[in-house]
Amino acid sequence: MICALSISLYGQENTNQNKFKQLGTDLPSPNVYRTASGAPGHEYWQQQVDYKMKITLNDEEKKIYGDEKITYTNNSPDDLDYLWIQLDQNVRAKDSDTHAIGTESIDPESTSTRTINRLTPTFDGGFKIEKVTDSNGKALSYTINKTMMRVDLPSTLKAEGGKFTFNIKWWYNINNTREIGGRSGYEEFADGHRVYCIAQFYPRLCKYNDIEGWQNKQFLGRGEFTLEFGDYEVEISVPEDHLVAASGELQNESSVLSSEHRKRLSEAKKSYVQPVTIQTLEESQENSKDASSKYKSWKFKALNVRDFAFASSRRFIWDAMGVKMSDGRTVMAQSMWVPEGDCLWKQFSTKAVAHTIKWYSHYTFDYPYPVAWSIDGSMGMEYPMICFNYGRCESDGTYSKRMKYGHIGVIIHEVGHNWFPMIVNSDERQWTWMDEGLNTYVQYLTEQQWERNYPHRRGPAHMITNYMGGDKDRISPIMTNSESIWQFGNNAYGKPATALNILRESVVGRELFDYAFKEYSNRWKFKNPYPADFFRTIEDASGVDLDWFWRGWFYTNDHADQSLVSVKHYTMDSGNNIVEKQKAKEERDNGPRNISEIRAEEIDKTYDEIDPTLKDFYTTYDPLESDAIDQEEYDQFVNNLSPAEKELLESGKNYYELTIENEGGLVMPVILQFQYVDGTTEDIRIPVEVWRFSDQKITKVFPTDKEVSKIILDPYLEIADVNTDNNYYPPQSKPSRFEAFKNKKAAPTRENPMQRAKRAEQVKKEIKP
């Protein structure tokens, strides 16, 4: 027993905890499907699922009725005996696990209706599956397990090309997003009319791949979707006074649009600067006076997409413009919104869509689809070619700064999801950061191109420090499953976006990182990457070993906190004792006097002054007085120097010995700024490998031609250092409470700046003589 214990302890002590340990066995082994370089292997495969659907949106009943024909192609090397189907609407069923696993407390002042509804769900949500049949109409055996359904095949579906076609008929009650939330549903307005943003509305095949087999992890509401690519033909019946936007291209334009709508739409296809209004505010208001009981069908086709969604309402305003792509195609950027958002949407939405298409294409690959929609759905959610966004006006037609940039930002973000994960098709159910984090990073770059000093929410390193330096019990590593993440937004959006921005700006460099990121995007477009594929591709394409970075930023909850704990200033000893002694003597004689010297002057006479016989050589000896031997030794010293050594001796350089501690645990490059007494500055960048033999403390010497007045560690806030108070030499004091009070900004008022400007103009008129 003692022997076993000693072996166990020995093993723990010798575990490699080095911050620069290669990821090695932490990543899955490369194979014929996924290579060590991060690229798809020569035998990479993925399934294909094609859908033909007929959907009815019953506005009176607030129900979706659907009938779908699914063709599943098994390109895998495995025979399959059953198929797994996602029933995402079942997350809203009364017996859903989502209700049971939530935790809550009661605040009499603020507990929301949504919380109460979750405690005692009354909404009859979830798919009502009426039948599942084969292509001949014969019933198939199926089993529903909460948000998943297994369909048992009548015979084995053969590997490498086997096909199976079957049908599902269903319906469900549409949820009111204002009452019980949700990624899709309807919003009802005071006039009794509704906007429907419909997604996850049909039973969808789960992904089957080389990593997970069947990705049939239950949908609990947070970890989103993992899907196969395929072709969609969808016919959607809605009230005839509705306008519809959807994934894909409209196939029966002449049947559902008026001649005026078609004329305006044709003009929009040639307008690349300003959007063209297809349905005006006035037409929307006129259209909403009554509700038609008649229905008409809109037909859409979407090729090589992983999902399908649509929006429908009689209240929509609509505009569109063209976006010219590098291959000569014109992509249609389009928006539909309600009158309550007109002040924002008419100015910003479609231009934000076009801007996103331009810059995401620049940083990754050209947008491959024919349309991109932004829909006023009072939420933020993404699907191929269509997304649901927010942005509403105040009652007086103004909007706040926060609403403006929230509106623009959410459109860029949600349209950007067309790239991640709609095309670079990562597993959202497992790894939220692979789409949200990468998308938030490119969103940040795109926002920079929108406006100088854009008020970003995420991306810059200094904006993540409060989170990373917080309570570690409430901070998960990025490499945590989507359902188990603390502080979801910071973890899956903010931190990975910041990490990539730091790689681009401060570790790899823009040119190399942009190339590597684009390489990853192109390698995995219309394919299914996992974390190792991303890590390996960035290293492979940039030629930079980043295992230390992935380990620290993605596998731990360490933070960066570098501290400049010591600075020592040295100058070169001239070797000339005459000079050195003279310097020392001047320093001594001109330096501050100590208390003993001052008190000694108060003595009338010392003993040796009374009795001079006590004096000897040492009474008057001054070790700083030079003599002939000093000169002789200096001459010999100089004669023995090489020319290079003589040059160094005469250079007059300063030497600064800096000691820097890593108090946060996360190793990062050391970035210094030396400010000199003559007013000039010098930036010094030291690669992260400086920490490789000691990840807690390093000491390094810096030679300078000039004397330093100030040294700053991380001067441009590049490394997400959570505490910059210890980054200065000389130490920088914090402002006093009085100074902090003087600098405190006035508290914001409830009045937004647009409202204030209007009121100021009115006041100006009133006081005008």
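All figures in this text were calculated on a predicted structure; none of them were measured in a lab.

1. Examining unusual backbone geometry
Item 1. Omega for the bond connecting Phe420 with Pro421 falls within 30 degrees of zero, at 15°, which places this linkage in the cis form.
Item 2. As for its placement among the helices and strands, Pro421 is situated in the loop between helix H9 (401–416) and helix H10 (433–450).
Item 3. A cis amide bond links Tyr729 with the next residue in sequence, Pro730, at an omega value of -10°.
Item 4. As for its placement among the helices and strands, Pro730 is situated in the loop between strand S30 (728–729) and helix H22 (737–743).
Item 5. Positive phi is not limited to glycine here, since Met385 has a value of about 70°.

2. Let's talk about the confidence of the model for the protein
Item 1. On average, residues of the protein carry a pLDDT of 91, and 93% of them reach 70 or more.
Item 2. Note that pLDDT drops below 50 for residues 1–13; the model gives that stretch 0 contacts with residues more than four away or on any other chain.

3. Thoughts on the state of the cysteines
Item 1. In the structure shown here, the tally under the stated rule is 1 disulfide.
Item 2. Disulfide partner of Cys343: Cys393, at an S-S distance of 2.0 Å. Taking the sign of the torsion about the S-S bond as the criterion, the disulfide between Cys343 and Cys393, at about -120°, is left-handed. Of this pair, Cys343 sits in helix H8 (residues 342–363) while Cys393 sits in the loop between strand S23 (386–389) and H9; the two residues are 50 residues apart in sequence, bridging distant segments of the chain. Cys393 shares its class with Cys343; the two are buried.
Item 3. The closest cysteine sulfur to the non-disulfide-bonded Cys197 is located on Cys387, 10.0 Å from its own sulfur.
Item 4. Accessibility expressed as a relative area gives 2% for Cys197, which makes it buried.

4. Quick notes on the nonpolar core
Item 1. Phe308, Phe388, Phe534 and Phe549 are the most contacted members of the largest nonpolar core, which totals 186 residues.
Item 2. Broken down by element, the residue count for this core peaks at 11 residues, all from H8.

5. Points about the packing of H8 against H9
Axes are the key here: two packed helices are described by the angle between their axes and the distance separating the axes.
Item 1. The contact between H8 and H9 brings their axes to 9 Å, and the two run at 40°. Judged by the angle between their axes, H8 and H9 are oblique. Where H8 crosses over H9, the handedness of that crossing is right-handed. Contacts from Leu344, Trp345, Phe348, Ser349, Ala352, Val353, His355, Thr356 and Tyr360 in H8 reach Met403, Lys404, His407, Ile408, Ile411, Ile412, Val415 and Gly416 in H9.

6. What to know about the pattern of salt bridges
Proximity of charged atoms lets side chains of opposite charge pair with each other.
Item 1. Applying the stated rule across the entire model yields 41 salt bridges.
Item 2. Here Asp533 ties to Arg34 by a salt bridge, and the two come within 2.7 Å at their closest N and O atoms. Remark: Arg34 occurs in the loop between helix H1 (2–13) and strand S1 (48–58) and Asp533 occurs in helix H14 (residues 531–542); sequence separation between them is 499 residues.
Item 3. Classification of Asp533 as buried rests on a relative accessible area of 2%.
Item 4. Using a relative accessible area of 5% as the deciding quantity, one classes Arg34 as buried.
Item 5. A salt bridge links Arg315 to Asp191, with the nearest nitrogen and oxygen atoms 3.0 Å apart. Pair noted here: Arg315 is in the loop between strand S18 (310–313) and strand S19 (317–324) and Asp191 is in the loop between strand S8 (185–188) and strand S9 (194–198), with a separation of 124 residues, a long-range link.

So, how was this worked out
Residues numbered from 1 in each chain as written. Predicted model: local features only at pLDDT ≥ 70, side-chain atom pairs only at ≥ 80, totals over all residues. Heavy atoms only, no water. Helix = DSSP H or I, 4+ residues; strand = E, 2+ residues; numbered from the N terminus. pLDDT = per-residue confidence, 0-100. Contact = heavy atoms within 4.5 Å. Disulfide = S-S within 2.5 Å. Buried < 20%, exposed > 50% of the residue type's maximum accessible area, 1.4 Å probe, protein only. Core = buried A, V, L, I, M, F, W, Y, C linked by side-chain atoms within 4.5 Å. Axes fitted to C-alpha atoms, helices over the stretch in contact; angles between N-to-C directions. Parallel < 35°, antiparallel > 145°, perpendicular 65-115°, else oblique. Left-handed = near helix turned anticlockwise from the far one by under 90°. Salt bridge = Lys/Arg side-chain N within 4 Å of Asp/Glu carboxyl O.

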